[in-house]
Amino acid sequence: MSTYGSFPGARPRRLRTVPVMRRMVAETRLHPADLVLPAFVREGIAEPVEIGSMPGVVQHTRDTLKKAAVEAVAAGVSGIMLYGVPEESKKDGLGTVGTDPDGILQVALRDVRAEVGDDLLVMSDLCLDEFTDHGHCGVLDEHGRVDNDATLERYAEMAQVQADAGAHVVGPSGMMDGQIGVIRDALDQTGHEDVAVLAYTAKYASAFFGPFRDAVGSSLKGDRKTYQQDPANIRESLRELALDLEEGADMVMVKPAGPYLDIVAKVADVAQVPVAAYQVSGEYAMIEAAAERGWIDRDRAIMESLTGIKRAGASIILTYWATEAARKL
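Calculation rules
Residues numbered from 1 in each chain as written. Predicted model: local features only at pLDDT ≥ 70, side-chain atom pairs only at ≥ 80, totals over all residues. Heavy atoms only, no water. Helix = DSSP H or I, 4+ residues; strand = E, 2+ residues; numbered from the N terminus. Buried < 20%, exposed > 50% of the residue type's maximum accessible area, 1.4 Å probe, protein only. Polar contact = N/O pair within 3.5 Å; in protein donor to acceptor, adjacent residues only side chain to side chain. Contact = heavy atoms within 4.5 Å. Pairing = 2+ DSSP bridges. Expected span 1.5 Å × (residues − 1). Arc of directions from axis to C-beta. Axes fitted to C-alpha atoms, helices over the stretch in contact; angles between N-to-C directions. Left-handed = near helix turned anticlockwise from the far one by under 90°. Nonpolar A, V, L, I, M, F, W, Y, C, P; charged D, E, K, R; others polar. Core = buried A, V, L, I, M, F, W, Y, C linked by side-chain atoms within 4.5 Å. Phe/Tyr/Trp six-rings, centres within 6.5 Å; stacked < 30°, edge-to-face > 60°.

1. Digging into the side chain of Asp 34
With respect to the helices, strands and loops of the structure, Asp 34 is situated in the loop between helix H1 (19-25) and strand S1 (35-42). Of the residues examined, Asp 34 reaches a relative accessible area of 9% and is grouped as buried. Engagement of the side chain of Asp 34 in a polar contact is seen with the backbone nitrogen of His 31, the distance being 2.8 Å. A distance of 2.9 Å separates a polar atom in the side chain of Asp 34 from a polar atom in the side chain of Lys 310. Setting aside residues up to four positions removed in sequence, Asp 34 forms contacts with Arg 29, Lys 310, Ser 315, Ile 316 and Ile 317.

Pasting the structure below:
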């Protein structure tokens, strides 16, 4: 029996009685400013193209991308991360269109920056995979392997042209050794000291990326296990974190988010810069598919999944529901 007169003496349920009580004592709060919207822009289309494996997400035209950016601003979203989808005929082994000032991604960066100015952080995926005919994130050597150091040279070029096009933030996602230092140097040497680098610090070789490859029209043959991280590893992520910070990363990211909340928490515990997590295409698709079948409550599942990512320690969340979730918040 309790020594406090009645049993049970401790009743935590008192703090769950009504919605306003639960809101007041909530330990984790989502805010629209936590959110970044990933968006795809495709060359050579007149109307948005629906992505079959990602219901509700489209490959944008230049015009509809600008509209999406304006909607994100109105909802209070902090940023938009852009991915370019070139015409298939323009892909080559070096991903040349990725460093062409008139390539689709650079054109879209200029469009969006002109449309929203500094009201929305215009962020750019800094990687070659969308632009190579082999679909890998770097340049291949004579044996068909990704050549780390040759790829870094291409990333330095990409950083410059993306910054020239108006990116506030570049997001190197290729997981090449030394990429953050090379990109930071390239930006600083070309007068772009104010452009921030969001490091994809712990990007895992994940099955949850599947629908994304539909979204960017990936030409990938094989896999990316020689440069993306093994899902079994934790200490490796912390080593990558230390290297990225030493090389000058302004923010760091864990990708995917949901299946790697332990990694998000460990990175957040030690990083002294903002920590982002990317709720990837597979996470999005699973909730949408289950909701479509009536198996889960869609809206509750979305907000619960985002709250879990924030609770784990992410201060920035990239999610395809960014604008929708921000409006609800």
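2. Describing the pairing of strand S4 (residues 79-85)
Counting buried residues along S4, 7 of its 7 residues qualify, which places the element largely inside the surrounding structure. Of the two faces of S4, the one carrying Gly 79, Met 81, Tyr 83 and Val 85 and the one carrying Ile 80, Leu 82 and Gly 84 are both buried. In terms of strand pairing, S1 meets S4 through 7 bridges, oriented parallel. Paired with Ala 39 across the two strands is Leu 82, which belongs to S4.

3. Overview of helix H2 (residues 62-75)
In this model, H2 (14 residues) spans 20 Å end to end at C-alpha, consistent with the 20 Å of a helix rising 1.5 Å per residue. All buried positions along H2 are accounted for by Leu 65, Ala 68, Ala 69, Ala 72 and Ala 75. Around the axis of H2, the buried residues are gathered within 125 degrees of arc, so they sit on the same side. With respect to the buried face of H2, the exposed residues turned more than 90 degrees away are Asp 63, Lys 67 and Ala 74.

4. So, the packing of helix H7 (residues 235-247) against helix H8 (residues 261-270)
Helix-helix packing is characterised by the crossing angle of the two axes and by the distance between the axes. Contact geometry of H7 with H8 gives a least axis separation of 10 Å together with a crossing angle of 40 degrees. Here H7 runs over H8; the crossing is right-handed. Packed against H7, whose contacting residues are Ser 237, Leu 238 and Leu 241, the element H8 presents Ile 263, Lys 266, Val 267 and Val 270 at the interface. Partitioning the contact of H7 with H8 into residue classes produces 5 nonpolar, 1 polar and 1 charged.

5. Notes on the environment of Glu 283
Tracing the backbone through its elements, the reader meets Glu 283 in helix H9 (residues 281-292). Sequence separation between Glu 283 and Phe 208 is 75 residues; the distance between their C-alpha atoms is 6.6 Å. Among residues more than four places away in sequence, those in contact with Glu 283 are Phe 208, Pro 256, Ala 257, Gly 258, Pro 259, Tyr 278 and Trp 321. Within the structure, Glu 283 has its side chain in polar contact with the backbone nitrogen of Val 280 (distance 2.8 Å).

6. Some thoughts on the environment of Leu 241
Note on placement: Leu 241 falls in helix H7. Judged by relative accessible area, which is 4%, Leu 241 ranks as buried. Sequence-wise, Leu 241 and Ala 271 are 30 residues apart; in three dimensions their C-alpha atoms are separated by 7.7 Å.

7. Examining the pairing of S1
Put simply, side chains in a regular strand alternate between the two faces of the sheet. Among the 8 residues in S1, 7 count as buried, and that is most of the element. Across 2 bridges, S1 lies against strand S10 (residues 316-318) in parallel orientation. By the bridge assignment, Val 36 is partnered in S10 with Leu 318. Relative to strand S3 (residues 58-60), S1 runs parallel, the two sharing 2 bridges. Bridge pairing in S3 places Phe 40 opposite Gln 59.

8. Re unusual backbone geometry
In this structure, Pro 256 follows Lys 255 across a cis peptide bond, with omega equal to -5 degrees. By the element assignment, Pro 256 lies in the loop between strand S8 (251-255) and H8. A positive phi angle is found at Met 175, which is not glycine, with a value near 60 degrees. Its location among the elements puts Met 175 in the loop between strand S6 (169-172) and helix H5 (179-189).

9. Regarding the nonpolar core
Core analysis: the biggest nonpolar cluster contains 96 residues, and Phe 40, Ile 80, Leu 82, Tyr 155 and Tyr 278 have the highest contact counts within it. Those residues in contact with Tyr 278 that lie beyond four places of it in its chain are Pro 38, Tyr 83, Tyr 200, Phe 212, Met 253, Val 254, Lys 255, Pro 256, Ala 257, Glu 283, Leu 318 and Tyr 320.

10. Here we look at the packing of aromatic side chains
Summed over the entire model, instances satisfying the criterion amount to 6 aromatic pairs. A centroid spacing of 5.6 Å and a plane angle of 35 degrees characterise the contact between Phe 40 and Tyr 83, whose relative ring orientation is tilted. Pair noted here: Phe 40 is in strand S1 and Tyr 83 is in strand S4, with a separation of 43 residues, a long-range link. In terms of burial, Phe 40 and Tyr 83 fall into one category: buried. Each ring, one from Tyr 284 and one from Trp 321, has its centre 4.6 Å from the other, and the planes form 35 degrees; the classification is tilted.

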